[in-house]
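A look at the structure
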Amino acid sequence: MNEEKKFWNEEMETLDPEGFRRVQEASLMKELDHVWENSLFYQEKFGGAGIKREDIKTLEDLAKLPFTEKHEIRESLSALPPIGKHSAVEMGRVIRIYSTSGTSGNPTYIGLTFHDRDVWAETAMRAMWTCGMRPNNIVPLPIGTFFIAASYGEAIELLGSTLVPVGVGATDRFLGAVKNLGADFVLSTASFPLYMTTYCEKNKLDAKALGIRGFMVGGEPGGGIPHVRQKIEEAFGANVQECMGNGDMLGLMWAECEHKKGMHFIGQGACHPEIIDPETGVVLDIKEGLTGELVYTAIDRECQPLFRFRTRDHVLVTQTSCECGRTGYCVKCIGRTDDMLIISGVNVYPSAIRDVVGTLLPRVTGEILVQLREPPPSVTPPLRIKVEHGEEPGDLAVLKKDIQNILREKLIFSSDVELVPPGTLPKFEYKAKLVEKIYEE
Ligand SMILES: [Zn+2]
């Protein structure tokens, strides 16, 4: 079934520019009505900015609305738990709550209604089909159930493929799925197949003989880095295609087709992307070679719709037309504004490290300095961190161990902590510099 079709949703994925505009605008108008009526957060935000519903009549008018920042979502969540002032439905209609990984500070919670769940599954299936997943594939999912990526499991089933929920940190289960069940297509972070490559080398396993023929990778820029992709493809004799979503917005909305020239936008009717100049906030015209920050607006979301949400994801537009026939323009993620690090496949932000270490006050001062021995974002563990101890730290050996343990527990990475006396780390007035490069550039 469906084996012969080229697109999951041909109508949406091949819209001409006028059709795209029509679909996005109609969805936006409906969403605005919903939000103006039901979202306390946007009633206050738009009201405070003096914007009325009737000011927004076209897709272009979207630029009149202020951006929504991540910290506003956090504030909204703590002001009105559990799903925030930006929720636009009663809690009784929420059927599922996911968490973002919380590596950039506290996690944010994502509520979905039945309808939201269906929308997420629809765009995820478009992405999966684009990346080459087919109903005859057996797909192990090495992803924890707490996070939005768990929603992909449902889409794998709805697409007709066979899901094998493996979970994180379960190499044996993963290999079991591959060897015993014949799993042949993997949806994961880019770090996962890299990790498996090393694992196979160490354990004298022939990765090629495992029979995995496709990887669909996302969650970090790795899959778009040519030498990373090449390494995975060669080690497994498999094809690698990339995908991207956003935890606060939509599970998946970008996916690379077989031509591998960047990820197509495939979230038509569910989300509206803009690319802005991160310094000025000005919306940029989409053309090949453009770089800027992605900004998303939910246009088919019941719970927690966000308008002009700043992602801090920086992208490059790689092409605006493609041989495959999909009309969504293509991007490649080139990094994040924040200094994200990737340690054994886990995204770690220096600000989150500072946050976690700070919970041990007053035994520490709260000042940290991450020392990188190699160019970021990938870090070979343990991560080296200088931490200022407090005036009365107690036993230093115990403190060092406590810090390393709490980092492992909260942020899931291993560290090598060097304690230094209070006041010895550099201070910055404007913005803290949490990372020091100790390699030669
Ligand atoms: Zn294409």
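What counts and what doesn't
The numbers attached to residues start from 1 for each chain and follow its sequence in the written order. Totals for whole chains, interfaces and linings use all residues, but because this is a predicted model, local features are given only for residues with pLDDT of at least 70 and pairs of side-chain atoms are given and counted only at 80 or more. Helix and strand assignments follow DSSP, with helices taken as H or I runs no shorter than four residues and strands as E runs no shorter than two, numbered in order from the N terminus. Taken over C-alpha atoms, the radius of gyration is set against a globule rule of 2.2 Å times the number of residues to the power 0.38. Any two residues are considered in contact once their C-beta atoms, placed from the backbone, lie within 7 Å. Note on pairing: DSSP must find at least two bridges between two strands before they are called paired. Buried means a residue has 20 or more other C-beta atoms within 10 Å of its own C-beta, exposed means 12 or fewer, and partly exposed covers the counts in between; C-beta atoms are placed from the backbone. By arc we mean the arc of the directions from the helix axis to the C-beta atoms, nothing more. To get an axis, fit a line to the C-alpha atoms, keeping to the stretch in contact for a helix; angles then go from 0 to 180 degrees between the N-to-C directions. Domain extents, as shown, originate in an automatic or database domain assignment. For this classification, under 35 degrees means roughly parallel, over 145 means roughly antiparallel, 65 to 115 means roughly perpendicular, and everything else is oblique. For any helix crossing, the convention is left-handed if the near helix is rotated counterclockwise from the far helix by under a right angle, and right-handed if that rotation is clockwise. Three classes are used, and their members are as follows: Ala, Val, Leu, Ile, Met, Phe, Trp, Tyr, Cys and Pro are nonpolar, Asp, Glu, Lys and Arg are charged, and the others, Gly among them, are polar.

Scanning the chain for helices and strands turns up eleven helices and 20 strands. For 441 residues, the compact-globule formula gives about 22 Å, and the C-alpha radius of gyration of the chain, at 23 Å, lands near that figure. The C-alpha extent of the chain, read off along each of the three principal axes, is 65 × 60 × 45 Å. Residue pairs in contact within the chain that sit at least 24 positions apart in sequence constitute 66% of those at least 6 positions apart.

Here we have three strands laid out as an open sheet, ordered 15-14-17, and mixed in their pairing. Edge positions in the sheet fall to strand 15 (346-348) and strand 17 (378-379), since each has one partner strand and no second. Here strand 14 (residues 341-343) runs beside strand 15; their pairing, made up of three bridges, is antiparallel. From the neighbouring strand, isoleucine 342 faces strand 15, where its bridge partner is asparagine 347.

Here we take up unusual backbone geometry. For the bond from proline 81 to proline 82, the omega torsion is 0°, close enough to zero to count as cis. In this fold, proline 82 is placed in the loop between helix 4 (70-79) and strand 1 (96-99). Note the cis peptide between leucine 361 and proline 362, where omega equals 5°. Along the chain, the position of proline 362 falls in the loop between helix 10 (350-357) and strand 16 (364-372). The backbone of serine 344 shows a phi angle near 50°, a positive value even though the residue is not glycine.

Of all the residues in helix 3 (residues 40-48), the buried ones are Phe41, Tyr42, Lys45 and Phe46. Burial along helix 3 is one-sided: seen end-on, the buried residues are contained in an arc of 105°. Facing away from the buried side of helix 3 by more than 90 degrees, the exposed set consists of Glu44, Gly47 and Gly48. Those residues of helix 3 that are buried are in contact with helix 2 (17-38) and helix 4. Taken from the residues just after helix 3, glycine 50 is the one with a positive phi, measuring 70°.

Attention now goes to the sheet that holds strand 16. Ordered in space as 19-18-16-20, the four strands form an open sheet in which the pairing is mixed. Only two strands of the sheet have a single neighbouring strand rather than two, namely strand 19 (415-420) and strand 20 (435-437). Strand-to-strand, the axes of this sheet are offset by a mean angle of 30°, without reference to chain direction. As paired strands, strand 16 and strand 18 (residues 383-389) are joined by five bridges and run antiparallel to one another.

Quick look at the environment of methionine 253 now. On the secondary structure map, methionine 253 appears in strand 8 (residues 250-256). Residue classification places methionine 253 among the buried positions, given that 27 C-beta atoms sit within 10 Å. In this structure, the C-alpha to C-alpha distance between methionine 253 and histidine 264, residues eleven residues apart in sequence, is 8.2 Å. In contact with methionine 253, other than residues within four places in its own chain, are Thr123, Gly245, Phe265, Ile266, Gly267, Ala270 and Cys271.

So, on to the domain arrangement of the chain. Domain assignment breaks the chain into domain 1 (1-336) and domain 2 (341-437). The gap between the C-alpha centroids of domain 1 and domain 2 is 31 Å.

To continue, consider the environment of proline 107. Structurally, proline 107 is set in the loop between strand 1 and strand 2 (109-112). Once the C-alpha coordinates of proline 107 and arginine 74 are considered, the two residues, 33 residues apart in sequence, prove to be 8.2 Å apart.

At a minimum axis separation of 10 Å, helix 10 and helix 11 (residues 396-411) run at an interaxial angle of 125°. Judged on the interaxial angle alone, helix 11 and helix 10 are oblique. In the packing of helix 10 onto helix 11, the handedness of the crossing is right-handed. In this structure, helix 10 uses Ala352, Ile353, Val356 and Val357 to contact helix 11, whose residues at the interface are Ile403, Ile406, Leu407, Lys410 and Leu411. Taken together, the residues of the contact of helix 10 with helix 11 sort by class into eight nonpolar, no polar and one charged.

It is the contact of helix 5 (residues 114-130) with helix 6 (residues 151-159), at a shortest axis distance of 9 Å, that shows an interaxial angle of 70°. Classified by the angle their axes make, helix 5 and helix 6 are roughly perpendicular. Crossing angle aside, the handedness with which helix 5 passes helix 6 is right-handed. Taken together, the residues of helix 6 that come into contact with helix 5 (itself represented by Trp120, Ala121, Ala124, Met125, Met128 and Trp129) are Ser151, Tyr152, Glu154, Ala155, Ile156, Leu158 and Leu159. Along the lines of polarity and charge, the residues of the contact of helix 5 with helix 6 split into eleven nonpolar, one polar and one charged.

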